[in-house]
Amino acid sequence: MKPALLLFLMILALATVAQLFLPWWVITPLCMGLAFFSAATPGPAFGTGFLGIGLGWLGLAGWLSLQNHHILAQRVAQLLPLGGSAGALLLVTAIVGGLVGGLAALAGSWARQAVRPRPIA
């Protein structure tokens, strides 16, 4: 299995389970640590963190929104300039979560490079 796919699956699974019991910000040290120990380069680390957390947040937010038939999401979307669209609010939620996860994974990758720089060929 490719390292980037493995990192993506680990971020998606561990972050989804962790957020069920811990606060939302637990994704930041989780993505940072996983990217640090996976030895992913900065580009794939950001992409896997973005997709892993973004899809996880989209799934959780969609599941929670389905629990109340999107009533709360529509009301929150009315407060924001989203035209009352629950789908747009879920998409914004996924993008914000993806950016947090991607930047945390990028920081973990850069931290690994700072500690263990690659030899120049």
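Remember, predicted model here, so these are calculated numbers, not experimental data.

Draft legend 1. Layout of the packing of aromatic side chains. One pass over the structure, following the stated rule, counts 3 aromatic pairs. Measuring from centroid to centroid gives 6.1 Å for Trp24 and Trp57, while their planes differ by 80°, and the two rings are edge-to-face. Highlighted residues: Trp24 in the loop between α1 (3–21) and α2 (27–38) and Trp57 in helix α3 (residues 42–67), separated in sequence by 33 residues. Judged by relative accessible area, Trp24 falls into the partly exposed class, the value being 48%. By relative accessible area, Trp57 is classed as buried at 14%.

Draft legend 2. How the structure looks around the layout of surface pockets. Of the pockets and cavities examined, the largest pocket occupies roughly 190 Å³. Lining the largest pocket are Ala61, Leu64, Ser65, Asn68, Leu72, Ala73, Val76, Leu89, Leu90 and Thr93. Looking at the lining of the largest pocket, the elements that each hand over two or more residues are α3, α4 (71–79) and α5 (86–115).

Draft legend 3. Structural context of α2. Spanning 12 residues, α2 covers 16 Å between terminal C-alpha atoms, matching the ideal 16 Å at 1.5 Å per step. Those residues of α2 not exposed but buried are Ile27, Cys31, Leu34, Ala35 and Phe36. The inward-facing, buried residues of α2 abut α1, α3 and α5. Ala39 sits one or two residues past α2 and shows a positive phi near 60°.

What counts, and where the lines are drawn
- Throughout this description, residue numbers start from 1 for each chain and increase along the sequence as written.
- Local features are withheld for residues below a pLDDT of 70 in this predicted model, meaning they are given only at 70 or higher, and side-chain atom pairs are given and counted only at 80 or more; totals for whole chains, interfaces and linings count all residues.
- Only hydrogens and water are set aside; all other atoms, that is, all heavy atoms of the structure, feed into the side-chain values.
- A pair of Phe, Tyr and Trp rings is counted when the ring centres sit within 6.5 Å of each other, with Trp represented by its six-membered ring. The angle between the planes then sorts it: under 30 degrees is stacked, over 60 is edge-to-face, the rest tilted.
- The numbering of helices and of strands both runs from the N terminus, where a helix is a DSSP run of H or I of at least 4 residues and a strand a run of E of at least 2.
- Note on classification: 1.4 Å probe, protein chains only; a residue is buried when its accessible area is under 20% of the maximum for its type, exposed when over 50%, partly exposed between these limits.
- Within this scheme a cavity is a closed region of a 1 Å grid, computed over the protein atoms alone, that accommodates a 1.4 Å probe without allowing it to escape, whereas a pocket is open but has protein on both sides within 12 Å along at least five of seven lines; lining residues each have an atom within 4 Å of a point.
- Grid points are joined across faces, edges and corners, and a volume is the space filled by probe spheres set on the points.
- A helix is expected to span 1.5 Å for every residue after the first.
- Contact definition: two residues touch when any of their heavy atoms are within 4.5 Å.

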